[in-house]
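Chain by chain, the residues run as shown.
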Amino acid sequence: MSLGVHLHFEDSHVIMENGILQVTLSNPEGIVTGIKYNGVDNLLEVLDEEVHRGYWDLVWSEAGSTGTTGTFDVIKGTSFKVVVESEEQVEISFTRLWDPLLQEKLVPLNIDKRFIMLRNSPGFYSYAIYEHLGEWPPFNLPQTRIVFKLRKDKFHYMAVADNRQRYMPLPDDRLPERGEPLATPEAVLLVNPVEPEFKGEVDDKYQYSCEDKDLRVHGWISTDPPVGFWQITPSDEFRSGGPVKQNLTSHVGPFNLAMFISAHYGGEDLVLKLKPDEPWKKVFGPTFIYLNSVLDGEDPLRLWEDAKNQMMIEVESWPYDFPASEDFQSSDQRGTLSGRLQIRDRYLSDEYIPANFAYVGLAPPGDVGSWQTECKGYQFWTRTDIDGNFCINNIQSGDYNLNAWVPGFVGDYQYEVVITITAGSDIDVGDLVFEPPRDGPTLWEIGIPDRTAAEFYIPDPDPKYINPLFVNHPDRFRQYGLWERYADLYPDEDLIYTVGVSDYRKDWFFAQVTRKINDDTYQGTTWQIKFKLDQVDTTGAYKLRLALATVHISELQVRVNDPKADPPIFSSGVIGHDNTIARHGIHGLYRLFNVEVGGSLVMVGDNTIFLTQTQSTGLMPALQGIMYDYIRFEAPPS
């Protein structure tokens, strides 16, 4: 006979239990102070104060502030309420209402944190409703998330993906007497770790970042006793920035995170900014904290496989039917959209080309491509099949733009009509045609238009800065300090790429970074693309398409055949705060520049395009630079 769910109160705490686990929360703050499971009194870090164990937090700043920092706020409720209490389910609420008297001390939000426990369920759910009234002061919200700090004496093995899991160093290893700080605060060289096996490794939480589309389950395993602690996020809809936005997962602490809004890999463009008189409400979650165990003697790493199976169950159960808040839309309040996406590019084919495996999604109305910085509303994405067919289910009621981008093609698609989803609606938009940017036939191209720099040359790391997990790994770009290898490979002159001779997989460095002159001085770099033309249309307009995978405090200037031309034929201006190079990513925000090159600038025979990144005077100039996604040079229209 299974036990039902029970709720009881002790001192200033409320306890949920169902015979499998027991969860203790402070009352009325709503901080998770204890999780009892499988004979362990508390899976959370008992050496920390209660407020630092399991909590929702946010970072906010006043309207008009710049950057991605602000006031850090662990969200503590001021009132408690039982929403549902039965043998099948308990749902409890911890709310904090905004007080105008605290205008400068508290973010202008009403926040309702919810926790749910179900009968026979080895875990618990959490979600929150954030609400801002139009008459309240506007503000910026760079980040909000859920954090769990686990016991460092128990949880030593971390898993983020099938090929990204390992035994991890201890938090003590990052302290000054054991670790040597590197170029960024997050990166530490372990020089005297508690466990000698980690000596000489670099630890950096950003090495374990993950794209949202792949960020469904991650967590930690204890071997004594064999217990798993997992964060399962069954839907992307409430996270900002679309399917390839990268977020933190788990890292040394042991920490386990559920990121909802963050500026990582995008900078200030990904900060939620409310305007005067703008109301806003959003539900974040629910996410599921899943606990599992195996018998002593069994392989604890089986817990990862079980967690993946549970993740699939949660995904198939979305949207959940048990959250009590009317702000969380159930399946019967949602709608469906389907259609087929095709590509028209007359220089590739006279026929329509199926947009196979394209990303297709609904996001709040905005400019073309704005979905990748959208953080106020909800987004719903899928991939097309081999024929370009797509179907998006469980879309919340509301108004949306239909957006798409297609690996193998540059540019963004947006359907010209705003789509309104209502409860039960089933919309078929039919055949849609995306015409990617194109003026003339391709004369040459470098790379693959997939919005990353992963296909370019990624060097081996300096042996002093190795994370062994990423040796011979598909994500070799996650090693620390790869930006420093540019000067090793190009000590005397910058990169020169010759079309038809060079191979972008070996001869195009993955990032156009600055060059170190001495300890404190860096300078911009100029890369050259050399190519031959057999004939030239002197009256026509050639087109240089520069798709960038990420930019950080850089200016890209383009010159043709005259490296000293002033002004250049194109300047991007100083753009980007993605910080992708420092954070071991291979893309940030996608940008496409279409540069017209007059026929009078090129000549029959040898030609050179000069790509200059001018900026080298930021706070951390070594980390400024550009990653290219793809470059194409087109002849004038034929």
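Please refer to the structure higher up on the page.
This write-up is about the structure you can find in this document. Numbering of residues starts from 1 in every chain and runs along the sequence as written. It should be noted that, the model being predicted, local features are given only for residues of pLDDT at least 70 and side-chain atom pairs only at 80 or more, the latter also being counted only at that level, while totals for whole chains, interfaces and linings use all residues. To obtain the side-chain values, all non-hydrogen atoms of the structure were included, while hydrogens and water were left out.

Our focus in this paragraph is the overall build of the protein chain. Helix and strand content of the protein chain: 3 helices and 44 strands. Within these notes, the globule rule equals 2.2 Å times the number of residues to the 0.38 power, and the radius of gyration is based on C-alpha atoms. By the compact-globule yardstick of 26 Å for 638 residues, the protein chain fits well, its C-alpha radius of gyration being 26 Å. Once the C-alpha set of the protein chain is aligned to its principal axes, its extents read approximately 85 × 60 × 55 Å. Buried residues in the protein chain amount to 59% of all 638 residues. Contacts are residue-level and defined by heavy atoms, with any inter-residue pair within 4.5 Å sufficient. Across the protein chain, the fraction of contacts at a sequence separation of at least 24, relative to all contacts at a separation of at least 6, is 70%. Note on areas: Shrake-Rupley, 1.4 Å probe, and residue coverage restricted to the protein chains presented here. Looking at the protein chain as shown, the accessible area adds up to about 25,700 Å², and 48% of this sits on carbon and sulfur atoms. In this tally, Lys and Arg are treated as positive and Asp and Glu as negative; His is ignored, and so are the chain termini. Where a charge sits is defined by one atom per residue type, namely NZ (Lys), CZ (Arg), CG (Asp) or CD (Glu). In the protein chain, which carries 55 positive and 94 negative side-chain charges, the distance between the mean positions of the two groups comes to 3 Å. Secondary structure elements follow DSSP: runs of H or I of four or more residues count as helices, runs of E of two or more count as strands, with numbering from the N terminus. The buried label goes to any residue with under 20% of its type's maximum accessible area, the exposed label to any with over 50%, and the partly exposed label to all in between, with areas taken from a 1.4 Å probe on protein chains only.

Now for the packing of aromatic side chains. We call Phe, Tyr and Trp rings a pair once their centres come within 6.5 Å, taking the six-membered ring for Trp, and we label the pair stacked below 30 degrees between planes, edge-to-face above 60, and tilted otherwise. Applying the stated criterion across every chain, the model contains 45 aromatic pairs. Aromatic side chains Tyr 497 and Trp 508 sit 5.5 Å apart centroid to centroid with 80° between the ring planes, which places their arrangement in the edge-to-face category. On the criterion of sequence distance, the pair formed by Tyr 497 in strand β35 (residues 496–498) and Trp 508 in the loop between α3 (504–507) and β36 (512–513) is long-range, its members being 11 residues apart. Note on accessibility: Tyr 497 and Trp 508 belong to one class, buried. Only when the NZ of Lys or the CZ of Arg is both within 6 Å of the ring centre and within 35 degrees of the ring normal is a charge said to sit over the ring. Note that Arg 383 overlies the ring of Tyr 359, its terminal NZ or CZ placed 3.8 Å from the centroid. The aromatic ring of Tyr 590 is capped on one face by Arg 451, whose charged end is 3.8 Å from the ring centroid.

Spatially, β7-β8-β9-β10-β24-β19-β18-β12-β13 is the arrangement adopted by the 9 strands of the open sheet, whose pairing is antiparallel. Both edges of this open sheet fall to β7 (79–85) and β13 (164–167), since each of them pairs with a single strand only. Here the average twist between neighbouring strands, direction ignored, is 15°. Judged from the 6 bridges that link them, β7 and strand β8 (residues 89–96) form a sheet pairing that is antiparallel. For Val 82, the partnering residue across the bridge sits in β8 and is Ile 92. Strands in contact with helix α1 (residues 302–316) are β10 (123–132), β12 (155–161), β13, β18 (217–223), β19 (226–232) and β24 (280–293); relative to β19, the strand with the most contacts, it is inclined by about 35°. Two strands are counted as paired when DSSP detects at least two bridges linking them. Only the stretch in contact is used when fitting a helix axis, every axis being a line fitted to C-alpha atoms; angles between N-to-C directions are given from 0 to 180 degrees.

Turning to the pattern of salt bridges, a few remarks are in order. For this document, the term salt bridge refers to a Lys or Arg side-chain nitrogen within 4 Å of an Asp or Glu carboxyl oxygen. A complete count under the given rule lists 41 salt bridges for this structure. Put simply, Arg 515 and Asp 494 hold a salt bridge, and the shortest N to O gap is 2.9 Å. Residue Arg 515 is found in strand β37 (residues 515–518), and its partner Asp 494 is found in the loop between α2 (485–489) and β35; the two are separated by 21 residues along the sequence. Between Arg 505 and Asp 503 there is a salt bridge whose closest N-O contact spans 3.0 Å. The class for Arg 505 is exposed, based on a relative accessible area of 53%. Residues joined in a network through salt bridges with shared partners are Asp 439, Lys 543, Arg 545, Arg 632 and Glu 634.

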